[in-house]
Structures are given as structure tokens and as C-alpha cells.
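Structure at a glance
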Amino acid sequence: MSIRPSFRFAGVLVSLVVVAALWLFWRSPSPPTSALDHVAPAHGGQLTAGIRADPKSFNSLVAFDEPSVIVSSLLQARLARINRATFELEPWLAETWEMTPDGRKYTLHLRRGITWSDGVPLTSADVLFTFRAVTDKRVESPLADSLVVAGKPIDVSAPDDRTVVLTFPAPSGPGIRLLDTLPILPKHKLEGALADGTFRTSWLTTTAPSDIVGAGPFVLKSYVTGQRVVLSRNERYWRKSADGMNLPFIDELILEIVPEQTAGMVRLESGNLDLLQSELRPDDVASALKAEARGKLKVIELGVGTDADAFWFCLKPEARTKDRRFAFVQRREFRQALSHAVDREEFAQIVFLDAAVPIWGPVTPGNKTWFSPNVRRYPPDLDKARALLRDIGLEDRNGNGIVEAADGTEARFTVVTQKGIASYERGTALLKERAAMIGVQLDVAPLEAGVMIQKMMASDYEAIYMRPLMTDLDPAGNMDMWLSSGGAHFWNLSQATPATEWEKQIDDIMRTQAATVDRMRREELFNQVQQIFADNLPVLYFAAPRLYYAHSTRVTGVMPSVLRPPVLWNADSLGVTAPPRAN
Amino acid sequence: MVGFLARRLFYCAVLVVMTASTALLLTRVAPGDMTTSLRAFPTTREINEERARFALDRPFAVQWGNWAASAIRFDFGESSRYRRPVGPLVLQAAGNTGVLAIGALLVATVAGVGLGIVTGSQSGLTSGLIRTASIGAVSLPSLLTSLALLFVAARTGWFPTGSMTSADATNAVNHWADVARHLPVPVLALALPVAAAFERLQSAALAEQLRQPFVLAAAARGVSPRRLVLRHAWPVSVKAITGVYGIAAGSLLSGSFAVEIVTAWPGLGRLTLEALQARDIYLVAGCAAVGAAVLSAGMLLGDVLLALSDPRTSDVR
């Protein structure tokens, strides 16, 4: 007996829906292409940018995660700003300044008539307050260390409402470039918090938007956890465009929180986002260029990045006391051999999909001021690499393909890297392959970012492949990386005394150049440092990526930068030409 | 029934406490802590201050004791990532996931059961297609499903491509209409594998019931095939679905990790993942507690439904 009720109607209906959906899907029109390069920005409109995570705080002296820094740069203003496109220091809240010939005293003059977003005048008292807050121990601001020169804090005084005098305890190479990192905060809003010790927990993300006051181009309109930060134009913003129009151009800037980068790309291509927080991943460039050809995006080459992937061994003697491999790892010939084993052109092609340039040191051609092309280079040469290993007693004595020292210690290492990053995976795979050609075995262990960083900070690793970020383009802003005593001297952290003669040399030269005011002399000195670094190779660099950025075709006024954020750093000059696609 | 519910509620409470405490312990002993996300190369002073702030400088027993004492007063500590109390953060995220999970469960139930009835009672081309689609949907990981749906939404513009609301939704009515507009992509991504599993279970259970003597007897009495399926066989077969409702709630929670990240839905899955990545110890514990509570509630719901459809089960338990 058959029991078969008829559901034919349902089947037909499902089929019809599927066919109709497919038809509509493929005929969906592309947004019109427009050439907007020459369109002058106009007032009004809404711009939507994607950021990867929620900001931790709106207090820019205590939060240093990337979203917080971006939001801070939109809400607050500095005395002077480094132009991310030219890398030059430009006047910001301070309209002009004078420096004494010895480079120790700067007198800054604030702009006339500037006010906070709530209408209260911005004066030198606010600058004094900000310096007091940042150096207050209870605030625990990471910025405090950057305002110390030769071990002493910068003295700040204010002869009148518009004048601020900064007296450095010693001559300083970067001088007032360090002001770029310091947002000026309103005394009238935060003085009480500093007095009662609650400054650190002031202006958290739960604070009412109306309580957050700034001198930046935007004010906070709302923040919805996990979804977005909405900023509206600061009607009292002081800056004007070259043709005298009030900035910012746009009425509203929405920072949508999009944690997944692929999803961010999809939303950018669909027109739901106008900008992304950061540059394109190498793997996304090809699809972005296709979207550009379809008129959906505009792709721009930012230039060569200022940070590059690096490979290094742990060179901390205390951490490797029982490790017999340390005897040859600490020899520069061993690291030079590895450098000769890698073909940097091939590295750029495979790891960065041809969007990179070969490099031989930590300063890339992207850092136009400080890059030295005249450092020692290591052309790919396997014979030379093997000879260098033989010179330090490393040979394949048992025929297993791995070189050993005379006591049988094999040149075999575990390389930790961050998992989930395609360029790291390709980089370590290629490095492993090339190292194997000269008898050095590298076993790759991808780890979660936090675990890898903790291992690095504890010097609990054999070798690492990752991209250490420079905090400043000016070498004097990265003293913690260059000095052997520095907390970011990552191959051998925080040494009590320099472990090697060449590190001592770098220490001496870096201290001298940081205290030198003459720019040409500083460049000469830093070239010497780069040369010593390339000779000794504590860290191996292979290629610096060319960075690409994609934005919606309706955005105008883009001034791209290789520094992050590539476009939002100049948000007050961005405009839009058409309404966004409804979300 | 009251005794049954009381027992189940007690087990739920034990599960929540155990899960949260274990999460606290595992996050504490796992390599890395919240100081690794402070900034690149923080100073020793910054690291020590941060660790002291979150009691990582004390023995685990002391830390757990203090945390448990506060948790009893519904103070679950502060999140290192968000610099805010954990309780409101977790509750808000759980509410958002709740909206998503209820939507997904409804879609999965209606689609899964409906299609299961079709495939369980006939064997034509339609049934074959549905069966094939179900097997595909069960095998697809949520990450891929959500990315594919996001791509379709982006390409067609039929649905929003992310978030839970739009920036311009102002009042409460607008807000909920806006949330409803944002639901299709994450709900479908979450519901598809569950619906497929329901379809397979319902199909097999119904086919088995249709072979039972009581159905054959009813058919012999002249009851129409449609009535035989819907009024006689299906009510008996539905036990197969109610029995796995609790497990389905659990799978929705685990599936929400990928779906919420891709679709930028501010829910518990995304918050948990972010907390784990940032080693945000108290937030991990809070998320685990709420996750366990949701799972317990799902299991309880499944047990209650099973008990209602088959009273013998509540006696046995």
C-alpha cells in the first residue's frame, strides 16, 4: 500500500523562487563609474568607514589600540601634526613656533580664537593641563615615556594664554615632532578627574557623548557597542580648506565595526562602506583591481610600506644558556649564510604576490627621509652561504641533510609565527625551503598572536617570523628598538649592558644622533647605524610590501599615506559626491 | 513535573558555575595574557600594572575566590578589552544572540520540519533535490555559508550586509523594524545547517512511523494520505526533533562564533571570540557563564518539550 501525499506545489514553488533569485542575482546592476579625481569636495553628506574593533576608550592618553587612536585623531587635535603624506611637521593648534639655536627651547603660539567643541576657548592652560595629566603617575599613560629626553621630563610653561614654552633638558633631534602623538585635552572637562585620581577611568566608552569635548574635526554623536561609532562635524572646528571653506566637508562620519576583513571587502565592493581602516591584504589586491575595472572601487598605490616582515633568532644569552646551538646562532656568519640563501626577488614574488621590493634592513624605502640604500646586501648565493657555515664549523657530517657543529649539535630550529596570516604562512614556508638548501632545518609553529607575543617578551623562543612595527619614522622615536637597553630591542630585550661590541657602537651613535639638531648630521649618523645593522644581521629582512588601498568611488579629497590610517588621518578634507547605498 | 523542573534547574546552576570557573582557570593557565594586546612592546611597568589590575599577580585560588564572591553579587569583574564591567556587556551580547538564535531556531524548525515531512512521505524528484541540498547544508561550515550569503546580499542589495542596526534607526519602532531587516543573512547562515539536520531527522522519523501498523490500519479505513501524514504519523514522529532541541541550541551558540564575526552581529559568539583572543579573563568567564546558561536553557526546553510529547520521559528522569 502506498502512502504518498502530493507536495508537488511546494516543489514547483521552491524551484521558481530559486530560478528567480538566480536571475535577479546575476542581473544586479553595478553602480555607475565616475571619475572623481578632479571633483572638488563639497559640504555635506555621510561617509562610512570600517574599523576592525571597538575602541577601548575615548581617553586618548590611556588607550592605544588602533581603533581608539583613530577615534582620538578625529575628536582631538595636537599642537603640531606630522603630515602623513609628506612626513613633514606642520602647524596645527600651534600656528607658529620659534626654536633657540641650541634646539632646547621652543616657543609655540596657539591660533587665535580657537575653541573646544562646546565653545569654551582653548588656551595654553589646556596645554599645561595635558602635559600635567600625561606625566601624572596615576594616569599611567604610555605617552609619558615619549616626553622624556635624556632621562628628564620636558619643562612646560605658559607666559600667556596663547603662548607655550617647551624647554628640553638636552638638545633633541626630533624636537617638537613628538607633539604629534600628544592630543591636547580640555582642562575644564577633565581637571576634576585628574585631581581626584579618576582620570584613567574618565571618558570610557560608556561616557555620554555630550561630555566628550575636543578640538578635532568631529564630535561624538553616538557609540553602539559592537556596531559603530557615529561622529558628526564639529561646527566650531578651526581649520579651513585652501579655498577658504570651513572644514570638515562631511556632516557625519560613521565608523562601522567590521571584525572580519573579507566581510569588510565584500561590504566595500557593495557600496555599504566607503573606506576601510587599513591597506589591502596582498591577497585582496587582485580582486580589488577587478572591482575597480567594474567601476565599483578606486584602488590607489600608497607606496612601499614602512614596516616589513622580519625573521630573527633569540639572541639573549641568558635565555639560551643550556642551548648548544647558541654557539653558532650568535655568530654573524650563520645569519649571513641564511641571508645569502634567500632570493629576495623570489621572496617578493611569492610571499607578497609580486607587490614588494627587496630590502636588507629595518628601514624600508617607504621611509623616504631615513632609508639608506647603501647598506650591505646579500645576493642569493647558496655556495657562499654553505662556505660561511663551513667557516664556523657547520657541516653535514652524518649525511642527513642538516648541518652539525663538531659536537653533533644540529642546526635545527622551531620558528614561531602568528597563525592565520597568509603572508606569514607563505614567508615561513619559503624560508624553510631556502634554509633547507644550505642544511638548516626550520620547523614552523604557527601560534595565536597573544601567545607569540608573550613568548617573544619572555625570550622563550628559538626564532620568530613576524612584522615588528616601528612606532615612529624618525629613528629617535624608536630608541627602545635601537638601544640595547630598550624594551623593543626585540632580538635581545632590555640588556643591562650591551651584549656585543656592535650593539654598543649602535647605542653610542643613536644617543648622539638623538641629541643632534642638525638634520644632515643626523642622517649621516643613522646611515652608519643601518650599515652596522646590515653587517651583523641580528634580524633578517627580505622584502617590504607595496601597499594598496581601496575606497569607494564617491569619496573625494583622498591624500593617501603608507602610515595608518592610510586615508582617515586627513578626514577633515574628505568629501563625498553621492548618497551612499542604503544599508 | 515540578520536581523534574527543579532537578533540571539545579543541574543548570551547577553547569553555569563549573563552566565559568573552568573558563577562568583555563584562560589563566593558557599561554599569553591581556598584556600582549596592550601595545607593541609595552614596558615592564605597564605589564605589571595591568596584571595587578586584573589580579593576575595573585594565586589563582585567591583570584577565583574574589571573583566568585563578587559574582554572587552579580559583579563579574571588568573587561580588560572594553574597560567596562563584564555583566552589562555580556547581557547585551547575549540578548543580541538570543534574537538571532530564536530567529534561526524558528526558521530551522519550520523549514526543517516542513521539508522533512515532504521527504519523509514521498520519494520524487523534489524529495531527492531537498535531500541533496540538506546533505550539502549540513556539511557546509557556518563561516562559508555566512560569507556566501553576505556575498549574495552585497551583490543583490536585497538585505543589509552586516551589523544589527543601521545608523539612522532612531526610535524603538524603527529600531526593531531595522533589526528585522538585518536578520536574514545571519539567521539563514545560522539556521541552514540546523534546518538540514532537522529535515534529515524528521524525514527518517516520519518514514518509520508511516510503516507502523496503526498508520496502515488508518489507511485501510480510508483516511486520506495527507491526513495520514499530518494528523497520524507526524505527531508521533516529532519526538525525534524535540529530543535534539537542546543540542540544536548548543550548535546555534557555537555556530554564532563564525556567523557573528562575518556579519558583524554584536552577539555572544563574537564577544567570546574577541575575549579569548584578547585573553580578557573576566569577560571569557562571563561569556562562558552566559553560554552555559543558554545551553542549559536549550536543553531544558528540549527536555520539557520531550516530556510534554512523551510524559514517560519526565518520570524516568
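Conventions and cut-offs
- Residues numbered from 1 in each chain as written.
- Chains lettered and ligands numbered in written order.
- Predicted model: local features only at pLDDT ≥ 70, side-chain atom pairs only at ≥ 80, totals over all residues.
- Heavy atoms only, no water.
- Domains from an automatic or database assignment.
- Contact = heavy atoms within 4.5 Å.
- Buried area = accessible area lost by both parts, 1.4 Å probe.
- Salt bridge = Lys/Arg side-chain N within 4 Å of Asp/Glu carboxyl O.
- Helix = DSSP H or I, 4+ residues; strand = E, 2+ residues; numbered from the N terminus.
- Buried < 20%, exposed > 50% of the residue type's maximum accessible area, 1.4 Å probe, protein only.
- Phe/Tyr/Trp six-rings, centres within 6.5 Å; stacked < 30°, edge-to-face > 60°.
- Pairing = 2+ DSSP bridges.
- Axes fitted to C-alpha atoms, helices over the stretch in contact; angles between N-to-C directions.
- Core = buried A, V, L, I, M, F, W, Y, C linked by side-chain atoms within 4.5 Å.
- Parallel < 35°, antiparallel > 145°, perpendicular 65-115°, else oblique.
- Nonpolar A, V, L, I, M, F, W, Y, C, P; charged D, E, K, R; others polar.
- 1 Å grid on protein atoms, 1.4 Å probe; cavity = no way out; pocket = protein on both sides within 12 Å on 5 of 7 lines; lining within 4 Å.
- Points joined across faces, edges and corners; volume = space filled by probe spheres on them.

Overview of the domain arrangement of chain A
Accessible area lost during the coming together of the parts is what is often quoted as the interface size. Residue and element names in this part refer to chain A. Assigned domains of chain A: these are domain 1 (14-42 + 49-201) and domain 2 (310-544). The interface is formed by ten residues belonging to domain 1 together with 13 residues belonging to domain 2. Regarding the contact of domain 1 and domain 2, the summed buried area is about 790 Å², with carbon and sulfur atoms giving 58% of it. It is Phe87, Gly173 and Pro174 in domain 1 that bury the most area against domain 2; as a group they hold 53% of the surface buried on that side. Where domain 1 packs against domain 2, one counts zero salt bridges.

Regarding the pattern of salt bridges
All names here are of chain A. For the structure shown, the criterion picks out 42 salt bridges over all chains. Between Asp383 and Arg386 there is a salt bridge, with the nearest N and O atoms lying 3.4 Å from each other. With Asp383 and Arg386 both in helix α10 (residues 382-391) and three residues apart, the pair spans about one turn of that helix. The salt bridge partner of Arg522 is Asp474, with a shortest N-O separation of 2.7 Å. A residue pair is termed long-range when its members are at least 10 positions apart, and Arg522 in helix α15 (residues 519-536) and Asp474 in the loop between β21 (463-466) and α13 (479-482) qualify at 48 residues. Asp474 shares its class with Arg522; the two are buried.

With respect to the packing of aromatic side chains
If you walk through the whole model with that rule in mind, you get 22 aromatic pairs over all chains. Taking the centre distance of 6.5 Å and the plane angle of 45 degrees together, the rings of A:Phe533 and A:Tyr541 count as tilted.

Section: the sheet that holds strand β17 (residues 310-313) of chain A
Residues and elements named next belong to chain A. Strand order in the open sheet formed by five strands is β20-β19-β21-β17-β22, and the pairing between neighbours is mixed. With partners counted over all chains shown, the strands left at the sheet margins are β20 (441-447) and β22 (539-541), one partner each. On average, each strand axis in the sheet is tilted by 25 degrees relative to the strand beside it, whichever way the strands run. Sheet topology places β17 next to β22; three bridges connect them, and they run antiparallel. Within β22, the position partnered with Ala310 by the bridge is Tyr541.

Points about the nonpolar core
Grouped burial of nonpolar side chains is what soluble globular proteins tend to show. Judged by nonpolar contacts, the single largest core of 107 residues is most densely connected at A:Leu166, A:Phe199, A:Leu253 and A:Leu255. With nine residues, helix α14 (residues 281-309) of chain B is the single largest residue contributor to this core. Excluding residues within four positions of it along the chain, A:Leu253 makes contact with A:Leu47, A:Leu74, A:Phe218, A:Val229, A:Val230, A:Leu231, A:Leu568 and A:Ala571.

Quick word on the packing of helix α5 (residues 261-270) of chain A against helix α6 (residues 142-156) of chain B
Closest axis-to-axis distance for the α5(A)/α6(B) pair is 9 Å, and the angle between their directions is 10 degrees. In this view, α5(A) runs roughly parallel relative to α6(B), as classed from their interaxial angle. On the side of α5(A), the interface is formed by A:Thr262, A:Ala263, A:Val266 and A:Ser270, while α6(B) contributes B:Leu147, B:Leu150, B:Phe151 and B:Ala154. Of the residues contributing to the contact of α5(A) with α6(B), the split by class is six nonpolar, two polar and no charged.

Section: the interface of chain B and chain A
Residue-level contacts link 66 residues of chain B with 54 residues of chain A. In this assembly, chain B and chain A are joined by two salt bridges. Put simply, B:Arg53 and A:Glu140 hold a salt bridge, and the shortest N to O gap is 2.4 Å. Along the lines of polarity and charge, the residues of the side of chain B that touches chain A split into 30 nonpolar, 19 polar and 17 charged.

Here we look at the pairing of β21(A)
Residue and element names in this part refer to chain A. Here β21 shows a buried face lined by Ala463 and Tyr465 and a second buried face lined by Ile464 and Met466. Where β17 lies against β21, four bridges are found, and the strand directions are antiparallel. In the strand pairing of β21, Phe313 is matched with Ala463. Direction of pairing for strand β19 (residues 412-418) relative to β21: parallel, over a ladder of three bridges.

Section: the sheet that holds strand β12 (residues 218-224) of chain A
Residues and elements named next belong to chain A. An order of β12-β13-β14-β1-β15 is seen for the five strands of this open sheet, with the pairing classed as mixed. Looking along the sheet, the strands with just one partner apiece sit at the ends: β12 and β15 (275-276). The sheet contact formed by β12 and strand β13 (residues 228-233) spans six bridges and is antiparallel. When the bridges of β13 are listed, Val224 appears paired with Arg228. Of the strands in this sheet, β1 (46-51), β12, β13 and β14 (252-257) are in contact with helix α2 (residues 66-75), which crosses β12 at around 140 degrees.

Topic: empty space enclosed by the protein
Residue and element names in this part refer to chain B. For the coordinates displayed, the defined rule picks out six cavities of 30 Å³ or more. There is about 100 Å³ of room inside the largest cavity. Contributions of two or more residues to the lining of the largest cavity are made by α4 (86-121) and α13 (268-277). Per element, the largest residue contribution to the lining of the largest cavity is four residues, and it comes from α4.

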